[in-house]
Each structure stands twice: as C-alpha cells, then as structure tokens.
Amino acid sequence: MKILIADDHDLVLDAVRSLLENDIPDAEVELVRSGNEVERSLSDGNRYDLVLLDLRMPGIAGVQDVRDLMKRHADQPVAILSGMASPMEVQMLLENGARGFIPKTMPADGLVAAVRLILAGQVFSPIHHTTDPENEPASLTPREREVLFCLQRGEANKEIARSLEIQETTVKLHLRSLSLKLDARNRTEVVVKAIQAGFLA
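1. Side note on the overall build of the protein
The secondary structure content of the protein amounts to nine helices and seven strands. Taken against the 2.2 N^0.38 rule, which gives 17 Å for 201 residues, the C-alpha radius of gyration of the protein at 17 Å falls within 12% of a compact globule. Across its three principal directions, the C-alpha atoms of the protein cover 50 × 40 × 30 Å. For the protein, with 201 residues in total, the buried portion stands at 48%. Across the protein, the fraction of contacts at a sequence separation of at least 24, relative to all contacts at a separation of at least 6, is 62%. Taken as a whole, the protein presents about 10100 Å² of accessible surface, with 48% of it coming from carbon and sulfur.

Shown next as structure tokens:
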C-alpha cells in the first residue's frame, strides 16, 4: 500500500506518516514538500494507492492547481489534507474528482479512519466543510445513507454487512465516518443527529 504525502511543514509530514505507518501495517509512505515534487513523482510513473495533498504549498496555490494536477494524473487517487479550505473549495475539489478532504485539525484516530475509508474506495469529507453559506448540510454518500437506514432499523454491524453485501470492516469505516460527520459519540446519537440534520425521517 503506497501513500504519497505532500506538505511543506515537516511536523505535519512526520506526524501523519507516523500515524499511518503505526495504524496501517502495510503502508509504505513517501514524503514530498512541494507541488513540483508531487508532479515529478507522478510523472516518473510511480503508482500510489493514495496521494494526500496540501491545498496550499510551494507549487500548489489552491483549487485550480489541484484540479490541473488531478486532470494530468487522473489515474492517481488524490485526497486533500489541509488546514484551511472554504466549503466552496472543498465542494469544487470533490466535484472534480478528489477522493476526500481531511482537515489537519481532525483527531489522530479520525484522520486514520478517514484515510482507511478513502483507501476502501469511498469519498470522505466532514459535513462542516461541505455546507453552503446558510449551513445546509451536504448530502452524505449513497452508501452512508444506506448504512444510516440500517442503523435506524436497529441492525447490528453483521446484519448491515449482510444487507448491503459488504465487509463488516467496511461497515465500521462507514460508521466512523458518520460519527465524525455528525459529531456523534455512539450509534444512537448518529441516528438522532441524522434525523435532526434531515438525513432520516
């Protein structure tokens, strides 16, 4: 499992690499510090399971640069790891193919869970980073909605996995993502907050 992390802050690079290598045993993490280094690595034919890219650093000045990079390397899965981004910027990146947006302020276990979810083929972005100016909640992914409906029916993880024909570990990743997005501490609170946000009736 090869992961490329691009950021111009050594503390961020070292911290994220340590987290991923400790929690994802087969992770092989490479570090670069500029957009030019990202471009060079991708252009050299390296294949990555995930590229974690800061939105602003030398050689990357925002959404347009990231969109251009993703267009040039459409076969490489890219997610944004950034401390600052507006809801509009996040939405534009997701609409243009980014696999997710992970805030640098996210707790360590949440960051790892988000990376695992993206590696499993899902898209991750916290709700508070994908709301419009009037704070209307963004839509959850179709699979997250399916998991929510199962939760509302009171199904256990094994039952959800069987209902949706997915692995139980994948169910746990979705539950973690829903907990992060809805700022919920347990399954019951996920359902309650989903109803409050209008995701469930």
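Moving on from the model shown.
2. Digging into the pairing of strand β3 (residues 50–53)
Side chains Leu50 and Leu52 of β3 all project onto a buried face; the interleaved residues Val51 and Leu53 project onto the opposite face, where all are buried too. Note that strand β1 (residues 2–6) and β3 share four bridges and pair parallel. Bridging from a neighbouring strand, Leu4 pairs with Val51 of β3. Relative to strand β6 (residues 78–82), β3 runs parallel, the two being bridged by three bridges. Directly across from Leu52, in β6, lies its bridge partner Ala79.

3. Concerning the sheet that holds strand β7 (residues 101–103)
Across a sheet, paired strands are connected by hydrogen bonds in the backbone, their directions being either parallel or antiparallel. Spatially, the five strands line up as an open sheet ordered β2-β1-β3-β6-β7, and their pairing is parallel. The open sheet has two free edges, formed respectively by β2 (28–32) and β7, since each of these has just one partner strand. Averaged over all pairs of adjacent strands, the angle between their axes in this sheet comes to 20°, without regard to strand direction. Summarising the sheet, β6 and β7 pair through three bridges and their orientation is parallel. Note on β7: the bridge partner recorded for Ile80 is Phe101. Helix-sheet contacts for helix α1 (residues 10–23) involve β1, β2, β3 and β6, and the interaxial angle to β2 is about 170°.

4. As for the nonpolar core
Residues Ile5, Leu20, Leu52, Ile102, Leu111 and Val115 are the most contacted members of the largest nonpolar core, which totals 23 residues. Broken down by secondary-structure element, the contributors of at least two residues to this core are β1, α1, β2, β3, β6 and α5 (108–119). Element by element, the count of residues in this core is highest for α5, at six residues. The residues touching Ile102, leaving out its near neighbours within four places in the chain, are Leu52, Ile80, Leu81, Ser82, Leu111, Ala114, Val115, Ile118 and Phe124. Ranked by size, the runner-up nonpolar core spans 22 residues in total, among them Val38, Val51, Met70 and Leu93.

5. Quick notes on the packing of helix α6 (residues 142–152) against helix α8 (residues 168–182)
Across the interface, α6 lies against α8 with an axial gap of 10 Å and an inter-helix angle of 90°. Judged by the inter-axis angle, α6 sits roughly perpendicular to α8. Residues Arg143, Glu144, Val147, Leu148 and Leu151 of α6 pack against His174, Leu175, Ser177, Leu178 and Lys181 of α8.

The rules behind these values
- Residues numbered from 1 in each chain as written.
- Predicted model: local features only at pLDDT ≥ 70, side-chain atom pairs only at ≥ 80, totals over all residues.
- Heavy atoms only, no water.
- Helix = DSSP H or I, 4+ residues; strand = E, 2+ residues; numbered from the N terminus.
- Rg over C-alpha atoms; globule rule 2.2 N^0.38 Å.
- Buried < 20%, exposed > 50% of the residue type's maximum accessible area, 1.4 Å probe, protein only.
- Contact = heavy atoms within 4.5 Å.
- Areas by Shrake-Rupley, 256 points an atom, 1.4 Å probe, with all protein chains shown as cover.
- Pairing = 2+ DSSP bridges.
- Axes fitted to C-alpha atoms, helices over the stretch in contact; angles between N-to-C directions.
- Core = buried A, V, L, I, M, F, W, Y, C linked by side-chain atoms within 4.5 Å.
- Parallel < 35°, antiparallel > 145°, perpendicular 65-115°, else oblique.

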